[in-house]
Amino acid sequence: MEHYDAIIIGGGGAGLAAAVALGRSRRTVLVIDTNQPRNARASHAHNVLGQEGNSPQHLLELGRSEAEHYGARIVHEEAERLTGSVEDGFTVKTGASEYSASRIVLATGLTDNLAEIPGLREAWGISAIHCAYCHGWEVRDQAVAVLGVGPMSTHQALLFAQLSSHVVFINHQPDVLSEENRATLEKLGVPILERRIAKLRVDGDGQLKGVELSNGDLVKAQAAVVASRMNANADLYQQLGGRLQEHPLGTFIQVSEMGLTGIPGVYAAGNAVNLGAMVMAAAASGTIAGAALNADLAMASISSEPTKIHS
């Protein structure tokens, strides 16, 4: 069984940034990645300083090349089982292989759980969007339908109303629109349609043609804004006994400022710990976790007991 100083599970921005930090410290590093990034359907990534507008896939290719330049090994497998401890070492099993490591970084990301609206999945990441900072500029001045599916929907309307004067709020789930939020929408001048959504009309390329309401009316829109419930991909963390924390937006792995989880020797970074982190923030958390892990190993090499890095 191949042994590494650190195994990083997840090869997105956070995982690759951790791999670069560790590789530059001459640590042996394995990145296990399914190559199924959350933003795979997005054509461009934004708010990435120096790489503005490049595709997410291009950014990952650059990151992989940089990590490999510093000696990291990257395998496209799925980590199915994580066992062990900081005292005895950790073992990661995939469908085809088994690896061991002294430390673990979980950069496993999150899963977007979407409202059950026909057509939404086909449009997701293309013309059904969630983040004004990631996609807002691209839909400026367009007809935008905010789908009222949760407590964050009014906040989305607030942000997108800055970018377009053609925003409408469709109150799909009336029970979650509070009177305070209704008043906010009225102050913004955003009209509220009191109808459930039957489906999104979407073409074969994922482009929105309109939002069909339960009474058959069609709301013409070029973009749909919808909040997902974001849950950390944390099966491996839970296999070690870790517990997820609840957030109004979903669930996440709680870590210290240095990325250490509640389980000694296990670090986490990226969207698994920060549900709202964009590409740069996710990568920054990976760099921090990688640096902390390296210091942990350095101290452990001169101590009989593993060092715990606290915030």
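Residues numbered from 1 in each chain as written. Predicted model: local features only at pLDDT ≥ 70, side-chain atom pairs only at ≥ 80, totals over all residues. Heavy atoms only, no water.

**Re helix H8 (residues 279-300)**
Inference 1: The end-to-end C-alpha separation of H8 is 32 Å, in line with the 32 Å expected for 22 residues at 1.5 Å each.
Inference 2: As for H8, its buried residues are in contact with strand S1 (2-9), helix H1 (13-24), strand S6 (98-106) and strand S19 (266-268). (Helix = DSSP H or I, 4+ residues; strand = E, 2+ residues; numbered from the N terminus. Expected span 1.5 Å × (residues − 1). Contact = heavy atoms within 4.5 Å.)

**Quick word on the nonpolar core**
Inference 1: Counting 26 residues, the largest nonpolar core has Ile7, Ile104 and Leu106 as its most contacted members.
Inference 2: Elements with a contribution of two residues or more to this core: S1, strand S2 (29-32), strand S4 (79-85), strand S5 (89-94), S6, helix H7 (235-239) and S19.
Inference 3: The element best represented in this core is S6, accounting for four residues.
Inference 4: Setting aside chain neighbours within four positions, we find Ile7 in contact with Leu30, Ile32, Val92, Tyr99, Ser100, Ala101, Arg103, Ile104 and Val105.
Inference 5: Core analysis: the next-biggest nonpolar cluster, separate from the first, contains 25 residues, Ala14, Val20, Ala72 and Ile74 among them. (Core = buried A, V, L, I, M, F, W, Y, C linked by side-chain atoms within 4.5 Å. Buried < 20%, exposed > 50% of the residue type's maximum accessible area, 1.4 Å probe, protein only.)

**Some remarks on the pairing of strand S16 (residues 229-232)**
Inference 1: In terms of strand pairing, strand S7 (residues 110-113) meets S16 through four bridges, oriented antiparallel. Paired with Thr111 across the two strands is Asn231, which belongs to S16.
Inference 2: Of the pairings in the sheet, the one linking S16 to strand S18 (residues 250-252) comprises two bridges and is parallel in character. Pairing of Asn231 across the sheet is with Thr251, part of S18. (Pairing = 2+ DSSP bridges.)

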